[in-house]
Amino acid sequence: MSDSSSFVLSPGQIGLADLHSFWRVPRRVDLDPACGGAIDAAAEVVAEIVREGRTVYGVNTGFGSLANTTIAGSQLSELQRRLVMSHSAGVGGPLPERVVRLVLFLKINALARGYSGIRRRVIDALLALLNADALPVIPAKGSVGASGDLAPLAHLSAVLLGEGEATLGGVRRPAREVLRQVGMEPIELAAKEGLALLNGTQVSTALALEGLFAGLDVFAAALTAGAMSVDAMLGSDTPFDPRIHEVRGQPGQIAVARLINDLLDGSEIRASHLDCDRVQDPYSLRCQPQVMGAVLDTFETAAATLLREANAVSDNPLVFAEQGEILSGGNFHAEPVALAADALAVALAEIGSLSERRIALLVDAHMSALPAFLVAEPGLNSGFMIAQVTAAALASENKILAHPASVDSLPTSANQEDHVSMATHAARRLSDIAWNSGHVVAIELLAAAQGIDLRRPLLTSPPLADALAAVRERAAFLERDRVMAPDIAAVFELVAAGRFGQAVSNSKDTSVLACMFHKD
């Protein structure tokens, strides 16, 4: 983990650009010392309740449907330990390390706001894990997104106790061994601390942020690919005239039209057919502002929800130290994350759907006025024929993945938790959809680059020439049939790395895309 520029975390004040930057390149995190007073005050409220022997949920009771069971003071530490151990019941492969870093980051941010009643030393232990890049192994499946992400957060918390597994330097080892290697000892939890660690929406939120950020990379690449396809197809730029979009008033649509205009500006190809007799282009070309603009607006709305949740206190019960009260509610219910993730899923699927249609246009000689399947000697060569089939398969798979998760609910904990959000898998599948759409866009970038090269000696615009050069650094012009899978994989790597965001960043856009480039 880079420590060349540490990040000072002021609890509850993380920005979207901060989260994106940390997701892309993790760095050392230090807590703002000013938060210490609130943390200590809340912990003292819990300690006072224990000393007085008052019965308060989560402090000295059982959990869920066992909330009416009172636990003796001598067993409170053991109660918290058993809570963590019993809830470590997740299954499946581990969450990606990049997601686990975000989960730790978000959990520290929430606990350090001073409403959870947890001691500073426990937060410091989480911070030590994060800065040592000693990452708990968290099974991906097992949360329904209510009462918090209980199972995955239990696996995270178990590492603090020396239980479970963690990775260090990418190597998976027993937690106790990893703690020893980074100079840490297992901790003993005090009253309420296990519950504070397990309650919360940080896993769902981290997964949704991963989907959002990956989606932004795909979105930027799709705008670039879409503009390249317009040029390769001898499409008109009239549909991107700002007057059309201003009278509708949808902000994302206005922004996308401006972006595409900027990308096409200066194209010799466009100038060559200003007086052509084509009346209209197919929707996948001329309606890009309307479709991709709606996607951008969806991203904006989801990003606002996820940013609030990233800064939220979402465990239960909550400690209000100024009043000396502990209140039990339901901030752990991840419905905001579930609904945001469902909206992102549909938007991400639409990016791939629109891109696949443009690929279909490019390979169709009747529509593109280019060689069939974008290759010389069609018939002997199949060119981009099966690459388009791959794109269709991925776009179709996304239709299944995009089905809403939040409309489902199954009661848990003996009907105490009788409505749940399903936010965790709503968010987890976003990476799969982004991966699929990202590969569709990678295929379009290859196809559009082929089409533009076939228009030589006419040249495309300077921004699109830069994108074309990036594609050509990874994949040569298709002179004759060759294995295309390596080309698709290589260009997808550029998409996933945010390479095509540069063309978007050079525009006048001021939307959520700005977080990719750390603009204020």
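Residues numbered from 1 in each chain as written. Predicted model: local features only at pLDDT ≥ 70, side-chain atom pairs only at ≥ 80, totals over all residues. Heavy atoms only, no water.

Undergrad: I keep staring at the overall build of the protein and nothing clicks. Help me out?
TA: Within the protein one finds 22 helices and 9 strands. Taken over the C-alpha trace, the protein has a radius of gyration of 26 Å; the compact-globule value for 520 residues is 24 Å, and the two agree within 12%. Projected onto the principal axes, the alpha-carbon positions of the protein cover approximately 85 × 50 × 45 Å. Here the protein holds 520 residues, and 56% of them are scored as buried. Summarising the internal contacts of the protein: among those between residues at least 6 apart in sequence, 79% fall at separations of at least 24. Carbon and sulfur atoms form 53% of the exposed surface of the protein, whose accessible area is close to 20,600 Å². Averaged over its 41 positive side-chain charges, the protein has a centre that lies 2 Å from the centre of its 58 negative ones. (Helix = DSSP H or I, 4+ residues; strand = E, 2+ residues; numbered from the N terminus. Rg over C-alpha atoms; globule rule 2.2 N^0.38 Å. Buried < 20%, exposed > 50% of the residue type's maximum accessible area, 1.4 Å probe, protein only. Contact = heavy atoms within 4.5 Å. Areas by Shrake-Rupley, 256 points an atom, 1.4 Å probe, with all protein chains shown as cover. Lys, Arg positive; Asp, Glu negative; His and termini not counted. Charge placed at Lys NZ, Arg CZ, Asp CG, Glu CD.)

Undergrad: Whenever I open this one, the packing of helix H1 (residues 16–24) against helix H9 (residues 202–232) confuses me. Can you help?
TA: Packed helix pairs are characterised by how far apart their axes lie and by the angle those axes make with each other. At a closest axis distance of 11 Å, the pairing of H1 and H9 adopts a crossing angle of 85°. In terms of orientation, H1 lies roughly perpendicular with respect to H9. Contact residues: H1 offers Leu-16, Leu-19, His-20, Trp-23 and Arg-24, while H9 offers Leu-209, Glu-210, Leu-212, Phe-213, Ala-214 and Asp-217. Among the residues forming the contact of H1 with H9, the class breakdown is 7 nonpolar, 1 polar and 3 charged. (Axes fitted to C-alpha atoms, helices over the stretch in contact; angles between N-to-C directions. Parallel < 35°, antiparallel > 145°, perpendicular 65-115°, else oblique. Nonpolar A, V, L, I, M, F, W, Y, C, P; charged D, E, K, R; others polar.)

Undergrad: Explain the nonpolar core here, please?
TA: One broad trend across soluble globular proteins is that nonpolar side chains are buried collectively. Counting 168 residues, the largest nonpolar core has Leu-209, Leu-212, Phe-219, Phe-299, Ile-351 and Leu-445 as its most contacted members. The element that contributes the greatest number of residues to this core is H9, accounting for 20 residues. Apart from residues lying up to four places away in sequence, Phe-299 is in contact with Leu-212, Gly-215, Leu-216, Phe-219, Leu-344, Ala-347, Leu-348, Ile-351 and Val-512. (Core = buried A, V, L, I, M, F, W, Y, C linked by side-chain atoms within 4.5 Å.)

Undergrad: I would appreciate a short explanation of the pattern of salt bridges in the present structure.
TA: When charged atoms on two side chains of opposite charge get close, those side chains can pair. One pass over the full model with this rule turns up 25 salt bridges. Arg-28 serves as the salt-bridge partner of Asp-30, at 3.1 Å between the closest nitrogen and oxygen. Between Asp-124 and Arg-120 there is a salt bridge, with the nearest N and O atoms lying 2.8 Å from each other. Linking Asp-124 with Arg-120, this pair stays in helix H5 (residues 120–132), spanning 4 residues, or about one helical turn. Relative accessible area serves as the criterion here: at 32%, Asp-124 is assigned to the partly exposed category. Residue classification places Arg-120 among the partly exposed positions, given a relative accessible area of 26%. In this structure, a network of salt bridges that share partners links the residues Glu-44, Glu-48 and Arg-51. (Salt bridge = Lys/Arg side-chain N within 4 Å of Asp/Glu carboxyl O.)

Undergrad: I keep staring at the packing of helix H15 (residues 335–363) against helix H17 (residues 385–401) and nothing clicks. Help me out?
TA: Contact geometry of H15 with H17 gives a least axis separation of 9 Å together with a crossing angle of 155°. Here H17 runs roughly antiparallel to H15, going by the angle between their axes. The chirality of how H15 crosses H17 is left-handed. Here Ala-349, Gly-352, Ser-353, Glu-356, Arg-357, Ile-359, Ala-360 and Val-363 of H15 lie close against H17, whose contacting residues are Gln-388, Ala-391, Ala-392, Ala-395 and Asn-398. By residue class, the composition of the contact of H15 with H17 is 7 nonpolar, 4 polar and 2 charged. (Left-handed = near helix turned anticlockwise from the far one by under 90°.)

Undergrad: Hey, could you run me through the pairing of strand S6 (residues 165–168) in this one?
TA: Strand residues, when the strand is regular, have side chains that alternate between the two faces of the sheet. The sheet contact formed by strand S4 (residues 134–136) and S6 spans 3 bridges and is antiparallel. In the sheet register, Pro-136 faces S6, and the bridge partner there is Ala-166. Bridge count for S6 against strand S7 (residues 171–174) is 4 bridges, and the pairing is antiparallel. Its bridge partner being in S7, Thr-167 is matched across the sheet by Arg-172. (Pairing = 2+ DSSP bridges.)

Undergrad: Before we go on, may I ask you to explain the packing of aromatic side chains in this structure?
TA: The geometry of an aromatic ring pair is captured by two quantities: the separation of the ring centres and the angle between the planes. Scanning the entire structure with this criterion turns up 6 aromatic pairs. An aromatic cluster is built from Phe-7, Phe-22 and Phe-105, whose rings are joined through pairwise contacts. (Phe/Tyr/Trp six-rings, centres within 6.5 Å; stacked < 30°, edge-to-face > 60°.)

Undergrad: Explain H17 here, please?
TA: A turn of α-helix holds 3.6 residues, and therefore any two residues three or four places apart point the same way. Across its 17 residues, H17 extends 25 Å between first and last C-alpha, which sits within 8% of the 24 Å expected from 1.5 Å per residue. Structurally, H17 contributes buried residues whose contacts are with H15 and helix H19 (430–454). (Expected span 1.5 Å × (residues − 1).)

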